[in-house]
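Descriptive structure summary
Here is how the chains run, residue by residue.
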Amino acid sequence: MTDRGRLTRMDEYPRHQIPGTFDSVDSDSVHWNDGFYFTLGDEQSGATLFAAIRLYPNTDVMDGFACVTVDGRQHNLRWSRRLRPGIDDIAVGPLALEILDPLRTLRLTCADNDFGISFDLTWEALHDPYLEDRIVRYAGGRKVYDRTNYDQCCAVTGSITVDGRTLDVTPATWVGVRDHSWGMGRTGGASSPAIAPDASRDPRRGFAMRQWTMIRMPDRVMFWQFHLQADGSFDPLETVVIPLDVSQPSWSYVAADAQADRVDGLPRAARSRVTFTRPDGTVDRFELTPVGSPVYLQGGGYHDGFTDRLGRGVYRGDNHGEGEVWDVTHPVDVGDPGGWFRQRPDAWAEHFATCVNLDDPADRGFGHLECVLAP
């Protein structure tokens, strides 16, 4: 008998790209996924929220997480459910997303639960989304990565409650950054033991410094991502400057340099300085200083997260939830009472940070900074 698939609400729209329905994708990879990633930081208190919801059509899983860091403690909530038949609902456990106006306004909520995290947040776009360069990677002749992302800086309003404490979120001191990505990547899906290990060099692990940054400045949003290699070259390097005045065009820098000061010699940046060259040769210098404590996305299921250490996109039953609280006051040593956290050699973590133009200190912003240093 032929499997006819399942109709979804999206099938009403004339946007099909394969002969099948929106219930399936044109790939059999367990690593194919589609979802949303939200980050939010407060320059005043240093509090942060990192959250996501993601669909894995080929493992029949939807999962999501929320990590709230405040006063040196990272509160984690992770949830997973069977994707079908509820594929039309962008909701897992207490987490839910409403697309109020595509590419402009979204509402992200987390209902009361046993893990002490809840929120109701409306995300209003400050600019049109920035579509990153599509990345396709092969290893040993096998495709291992094929992914598309778009990013957007947002004004966020609402509230977050964690461990009985309520934080009021307003654009006065809070900055939101969101990402929507889809394709085949390392965001989820356990590796199959039937696949031979990659004997070639992994290009994502050869860098001396990685940055992924989106900053709200007074009159513009700046995005960049790069891998600074050990020989001083940048591979890749992608930048865009998006004026908040919609009548002005976006533009990109053409060259960069970067350095970072470590915290006590550890793989954590106390501050970093980046130098960018404009197309006309003008040089812009910025200093970024983290605010608050680092956020470890293993608390959201990345890097073999979840307490079973199987990572995201893995079936754990029709409805599974878990969470805990970590002490993240030390630069790299995480206090985990459960004992399952495993620190990576590069201490991969996320921050929010201030950004100051070294040639014009009044030109100052705040936003998401991922700065990863080689050990």
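Residues numbered from 1 in each chain as written. Predicted model: local features only at pLDDT ≥ 70, side-chain atom pairs only at ≥ 80, totals over all residues. Heavy atoms only, no water.

1. Focus on the sheet that holds strand β21 (residues 350-357)
Here we have eight strands laid out as an open sheet, ordered β16-β15-β14-β22-β21-β19-β18-β17, and antiparallel in their pairing. Here the strands that pair on one side only, and so sit at the sheet edges, are β16 (234-243) and β17 (255-262). Averaged over all neighbouring strand pairs, the angle between strand axes comes to 20 degrees, with direction disregarded. Examined bridge by bridge, β21 and strand β22 (residues 364-373) share six bridges and lie antiparallel to one another. If you follow A353 over to β22, its bridge partner there is G367. (Pairing = 2+ DSSP bridges. Helix = DSSP H or I, 4+ residues; strand = E, 2+ residues; numbered from the N terminus. Axes fitted to C-alpha atoms, helices over the stretch in contact; angles between N-to-C directions.)

2. Here we look at the pattern of salt bridges
By the definition in use, this model includes 26 salt bridges. Among the ionic pairs, D23 bridges to R84, the shortest N-O distance being 2.9 Å. Pair noted here: D23 is in the segment before β1 (32-42) and R84 is in the loop between β4 (73-82) and β5 (91-92), with a separation of 61 residues, a long-range link. Considered together, D23 and R84 belong to a single accessibility category, that of buried residues. A salt bridge links R134 to D146; the shortest N-O distance between them is 2.8 Å. Of the two residues, R134 sits in the loop between β9 (130-131) and β10 (135-139) while D146 sits in strand β11 (residues 142-162), which places them 12 residues apart along the sequence. For R134, a relative accessible area of 57% corresponds to the exposed category. The network of salt bridges with common partners includes R6, D23, D60, R82, R84 and D318. (Salt bridge = Lys/Arg side-chain N within 4 Å of Asp/Glu carboxyl O. Buried < 20%, exposed > 50% of the residue type's maximum accessible area, 1.4 Å probe, protein only.)

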